[in-house]
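Inside the fold
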Amino acid sequence: NKKFSNLSSRRSVLAKFISDPGPSDSELNEILSIGIRVPDHGICSPWRIQVINKKGQKKLGKKYASVFLENNPEATSDQIEYWKMRPQSAPILLVISFYPKKEKIDKIPINEQLLSCGALCQNIINASFTLGYVSQWLTEWPAYNDSIKRFLGHKELNKILGFIFIGSSTEKPKERRRPEVKEVVTEWE
């Protein structure tokens, strides 16, 4: 379908294959503005977005490396270097975190608020793609590590839902198998 030809070819690109150029400040603002246009029952806005610039990516990489070594004393220098460089894989790194509105949980359950966060991430990915950029949404161990969470300024009760890497692809991503609509959709009467 011609209307969806752009989105029908969207594909995540591995962070290690994402490089410059990334979105300009105005393009990033547009991506984030589109990102927050999601279903959000009760106007909870249960998500936070941190934009990590190159200086911040370097600082975060040092923290990743030290925490990784602390938790893996047998780690090789290559493994430590990998985690040191991981946040610096792409020109733009976003940290998406979950800030549920506890006072609204009676009317807007936690799952509904969490799903809004997932929609935010998908909107950011689609907006990036529409502007000609590629992205990858990852969690990996840093998203679940309390030390990393505190380092980024989050409280214990808040969750990091993932890291979104945005930039340009250094190689064309390979297509992967997708389920057929008939494999996952049924009609109920």
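Here's a quick rundown of the structure.

Notes on the overall build of the protein
When its secondary structure is counted, the protein shows six helices and five strands. Going residue by residue from the N terminus, the α and β elements of the protein occur as β-α-β-α-α-β-α-β-α-β-α. Relative to the 2.2 N^0.38 estimate, which gives 16 Å for 189 residues, the radius of gyration of the protein is 18 Å and therefore close to what a compact globule would have. Expressed as a percentage of its 189 residues, the buried residues of the protein come to 38%. Counted over contacts in the protein with a minimum sequence separation of 6, partners at least 24 positions apart contribute 81%. Accessible area of the protein: about 11,900 Å², with a carbon and sulfur share of 54%.

Here we look at the packing of helix H2 (residues 54–71) against helix H3 (residues 77–85)
In the contact formed by H2 and H3, the axes pass within 6 Å of each other and the chain directions differ by 145°. With respect to the hand of their crossing, H2 and H3 are arranged in right-handed fashion. Residues Gly61, Lys62, Tyr64, Ala65, Phe68 and Leu69 of H2 pack against Gln79, Ile80, Trp83 and Lys84 of H3. Residue composition of the contact of H2 with H3, by class: six nonpolar, two polar and two charged.

Here's the deal with the packing of helix H1 (residues 25–35) against helix H4 (residues 110–130)
Where H1 meets H4, the closest approach of the two axes is 8 Å, and the angle between their N-to-C directions is 140°. Considered as vectors, H1 and H4 are oriented oblique to each other. Remark: the crossing between H1 and H4 carries right-handed chirality. Across the interface between the two elements, Ile31, Leu32, Ile34 and Gly35 from H1 touch Leu120, Asn123, Ile124, Ala127 and Ser128 from H4.

Points about the side chain of Lys149
Tracing the sequence through the fold places Lys149 in helix H5 (residues 146–151). In this structure Lys149 comes out as buried when scored by relative accessible area, which is 8%. Here the side chain of Lys149 touches Asn158 through a polar contact of 2.9 Å, landing on its backbone oxygen.

Focus: the side chain of Ser168
By secondary structure assignment, the location of Ser168 is in strand E5 (residues 159–169). With a relative accessible area of 16%, Ser168 lands in the buried category. In this structure the side chain of Ser168 is engaged in a polar contact, spanning 2.6 Å, whose partner is the backbone oxygen of Pro21. Contacts of Ser168, omitting those with residues within four sequence positions, involve Phe17, Ile18, Ser19, Asp20, Pro21, Tyr133 and Val134.

As for H4
Its 21 residues give H4 an end-to-end C-alpha distance of 30 Å, which sits within 8% of 30 Å, the value for a rise of 1.5 Å per residue. All of the buried residues along H4 are Gln113, Ser116, Cys117, Leu120, Cys121, Ile124, Ile125, Asn126, Ala127, Ser128 and Phe129. Looking at the buried positions of H4, the neighbouring elements they touch are H1, strand E2 (47–52), strand E3 (92–98), strand E4 (134–138) and E5. Gly132, located one to two residues past H4, shows a positive phi value of around 95°.

Let's talk about the packing of aromatic side chains
To describe a pair of aromatic rings, one takes the distance between the centres and the angle between the planes. In this structure the tally under the stated criterion is seven aromatic pairs. Centre to centre, the rings of Phe68 and Trp141 are 6.1 Å apart; their planes meet at 35°, and the pair counts as tilted. Highlighted residues: Phe68 in helix H2 and Trp141 in the loop between E4 and H5, separated in sequence by 73 residues. With relative accessibility at 23%, the residue Trp141 sits in the partly exposed group. Taken together, the aromatic side chains of Tyr64, Phe68, Tyr82, Trp83, Trp141 and Phe163 make up a single cluster linked through ring pairs.

Describing a nonpolar patch on the surface
Residues Val181, Val184 and Val185 make up a contiguous nonpolar surface patch of about 290 Å² in total accessible area. Note on placement: Val181 falls in helix H6 (residues 181–184). According to the relative accessible area criterion, Val181 is exposed, its value standing at 60%.

Scoring rules and cut-offs
- Residue numbers here run from 1 along each chain, matching the order of that chain's written sequence.
- It should be noted that, the model being predicted, local features are given only for residues of pLDDT at least 70 and side-chain atom pairs only at 80 or more, the latter also being counted only at that level, while totals for whole chains, interfaces and linings use all residues.
- Note: side-chain values were computed over all heavy atoms of the structure, leaving out hydrogens and water.
- Numbering of helices and strands starts at the N terminus; helices are DSSP runs of H or I of at least 4 residues and strands are runs of E of at least 2.
- Put simply, the radius of gyration uses C-alpha atoms, and a globule should come to 2.2 Å times the residue count raised to 0.38.
- The buried label applies to any residue whose accessible area, calculated with a 1.4 Å probe on protein chains only, is under 20% of its type's maximum; exposed applies above 50%, and partly exposed to all values in between.
- We call two residues in contact whenever any of their non-hydrogen atoms come within 4.5 Å of each other.
- Throughout, the Shrake-Rupley method with a 1.4 Å probe supplies accessible areas, and for residues the shown protein chains are the sole cover considered.
- With axes taken as lines fitted to C-alpha atoms, and helix axes fitted only over the stretch in contact, angles between N-to-C directions fall between 0 and 180 degrees.
- Note on convention: near helix rotated counterclockwise from far helix by under a right angle means a left-handed crossing. Clockwise means right-handed.
- Classes in brief: Ala, Val, Leu, Ile, Met, Phe, Trp, Tyr, Cys and Pro nonpolar; Asp, Glu, Lys and Arg charged; the others, Gly included, polar.
- By definition in this entry, angles of less than 35 degrees are roughly parallel, angles greater than 145 are roughly antiparallel, angles of 65 to 115 are roughly perpendicular, and the rest are oblique.
- A 3.5 Å cut-off defines polar contacts: any pair of N or O atoms within that distance qualifies, except that in protein one atom must be a possible hydrogen donor and the other a possible acceptor, and neighbouring residues in sequence count only when both atoms are side-chain atoms.
- Multiply 1.5 Å by the residue count of a helix minus one, and that product is the helix's expected span.
- Whether two aromatic rings pair depends on their centres lying within 6.5 Å, for rings of Phe, Tyr and Trp, where Trp uses its six-membered ring; planes under 30 degrees apart make the pair stacked, over 60 edge-to-face, and the rest tilted.
- Patches were defined on residues exceeding 30% relative accessible area and lacking a salt bridge, with like-charge contacts within 9 Å and nonpolar side-chain contacts (Val, Leu, Ile, Met, Phe, Trp, Tyr) within 5 Å.
- Between Lys or Arg on one side and Asp or Glu on the other, a salt bridge is scored when a side-chain nitrogen of the former is within 4 Å of a carboxyl oxygen of the latter.

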